[in-house]
Amino acid sequence: QDKKLSITMAAFGSPKYFTDKSIPSNKPGVVLKVPNFDVLFDQLCNVSPLAKQAMTEDNPGGIKAIDSATADDVYTWKVTDNNSKKLVSHIDKIDNFQDKGVPLMRFRSTLHGPLKKRGECFSEIISVPDLRQKWDTTNAIFDTIFSAASLDEVRKHQGNKYGEPSVFGIGYVKTKPSFVVSPREQLTLFGLQNFPSGASIIWGMELEEDQNYLFPEDQPKRTPRSISHLFSATLIPTGEDTFDVEYLIQLEVGGIPGWVSGPAVAKTMKGMFQFADGYFQSGLEDGGDLAKRLALFSDDEDADADEER
């Protein structure tokens, strides 16, 4: 039984990222598993120079401050694209990262947009269905099904090294069927940390199999699982209205080899940055989509954000 358990655990979320602790969710009777923040963020520091800057520097320098000639990278990466004139200026990967059979892919870009609620708004591009649909049409369902009842509970477990938690929850994804791939589903723990410098880290990883009871009740039939072994997006402010983004994703699309799924993931991420570029620039325009979204944040939220910085 133990051997079977270890195999199924490895097939979904990595147990090294989780603890046996939990916090209350926004729905009575449901608790959310707490990650091992030390292990998770140590891993992010090892694969994301911008995440390391966000966590360790008072004034992070962004992409230009990455020194490829030093030990900014713990691992050896294979560069697949590097052109400062492109919106996605740098793409590299580690094939078969941590023996998962799929690459860990890393994308860097510089975007223009307001500082206000930047981390939250970038997170919404990924997690809000109406925005996600603008750049990723593969999903039939994309929903945040649980959130932490109180971010104070998250603070108690994470300590004071990893910024201020702004988002903590569980997301459910179910893809549309295609001619070659049947529907896939995911159950992902995700969060957002904001730092005094104005930097933000969005993070996520697949839940372990023992959390399958959290699948939505209106989706009782299980489909093959896609797995986000590791995900992060780090935003570093580089000017009044400019910021650098480093986006990492290691996605296993159930049953599809990494050499097949990798190019599809890269294409999708380029589409995401294309949308994010226009969306964030609309925050600088009167009546722009992001400007309208920012106007919906309360004055209390703005005051809290200024106090954190």
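Residues numbered from 1 in each chain as written. Predicted model: local features only at pLDDT ≥ 70, side-chain atom pairs only at ≥ 80, totals over all residues. Heavy atoms only, no water.

## Re the confidence of the model for the protein chain
Inference 1: Of the residues in the protein chain, 91% reach a pLDDT of 70 or more, and the chain-wide mean stands at 89.
Inference 2: Taking the mean pLDDT of every element in the protein chain, the minimum, 31, falls on helix α1 (residues 2-11) and the maximum, 98, on strand β5 (residues 104-112).
Inference 3: Within the model, pLDDT remains below 50 along residues 1-12, and this stretch shows 12 contacts once partners closer than five positions in the same chain are excluded.
Inference 4: Every residue in residues 303-309 is under pLDDT 50, and counting partners more than four places away or in other chains gives seven contacts. (pLDDT = per-residue confidence, 0-100. Helix = DSSP H or I, 4+ residues; strand = E, 2+ residues; numbered from the N terminus. Contact = heavy atoms within 4.5 Å.)

## A short note on the environment of Lys292
Inference 1: With respect to the element layout, Lys292 can be found in helix α8 (residues 289-295).
Inference 2: Note on Lys292: relative accessible area 52%, which makes it exposed.
Inference 3: Sequence separation between Lys292 and Asn194 is 98 residues, and the spatial gap between their C-alpha atoms is 22 Å. (Buried < 20%, exposed > 50% of the residue type's maximum accessible area, 1.4 Å probe, protein only.)

## Structural notes on the environment of Ser84
Inference 1: Tracing the sequence through the fold places Ser84 in the loop between β3 (78-82) and β4 (88-94).
Inference 2: A relative accessible area of 70% means that Ser84 is categorised as exposed.
Inference 3: Sequence-wise, Ser84 and Leu111 are 27 residues apart; in three dimensions their C-alpha atoms are separated by 13 Å.

## Quick look at the pattern of salt bridges
Side-chain pairs of opposite charge can arise whenever the charged atoms involved come near each other.
Inference 1: For the structure on display, the rule yields 14 salt bridges.
Inference 2: The residue Glu164 makes a salt bridge to Arg155 at a minimum N-O spacing of 2.5 Å.
Inference 3: Where Glu185 meets Arg222, a salt bridge forms, and the shortest distance between an N and an O atom there is 2.7 Å. Note that Glu185 is positioned in strand β8 (residues 185-194) and Arg222 in the loop between β9 (200-206) and β10 (227-237), a separation of 37 residues in sequence.
Inference 4: Salt bridges sharing common partners tie together Lys33, Glu208 and Asp210. (Salt bridge = Lys/Arg side-chain N within 4 Å of Asp/Glu carboxyl O.)

## Comments concerning the nonpolar core
Inference 1: Counting 42 residues, the largest nonpolar core has Phe41, Leu44, Met55, Phe168 and Trp203 as its most contacted members.
Inference 2: Broken down by element, the residue count for this core peaks at six residues, all from helix α2 (residues 37-47). (Core = buried A, V, L, I, M, F, W, Y, C linked by side-chain atoms within 4.5 Å.)

## Details of the sheet that holds strand β6 (residues 139-147)
Inference 1: Reading across the sheet, the nine strands line up as β3-β4-β5-β11-β10-β9-β8-β7-β6 and stay open at both edges, with antiparallel pairing between neighbours. At either margin of the open sheet sits one strand with a lone partner, and together these are β3 and β6. This sheet shows a mean twist of 15° between the axes of neighbouring strands, independent of strand direction.
Inference 2: Running at roughly 110° to β9, α2 makes contact with β5, β7 (164-175), β8, β9, β10 and β11 (242-252) of the sheet.
Inference 3: Along the sheet, helix α7 (residues 258-281) makes contact with β4, β5 and β11, crossing β5 at roughly 15°. (Pairing = 2+ DSSP bridges. Axes fitted to C-alpha atoms, helices over the stretch in contact; angles between N-to-C directions.)

## Looking at the packing of α2 against helix α3 (residues 49-56)
Inference 1: Where α2 contacts α3, the axes come no closer than 5 Å and their chain directions differ by 125°. Taken together, the axes of α2 and α3 lie oblique to each other. Judged by the twist between their axes, the crossing of α2 over α3 is left-handed. Along its contact with α2, which presents Phe41, Leu44, Cys45 and Val47, the element α3 presents Pro49, Ala51, Lys52 and Met55.
Inference 2: In terms of residue class, the contact of α2 with α3 is made up of seven nonpolar, no polar and one charged. (Parallel < 35°, antiparallel > 145°, perpendicular 65-115°, else oblique. Left-handed = near helix turned anticlockwise from the far one by under 90°. Nonpolar A, V, L, I, M, F, W, Y, C, P; charged D, E, K, R; others polar.)

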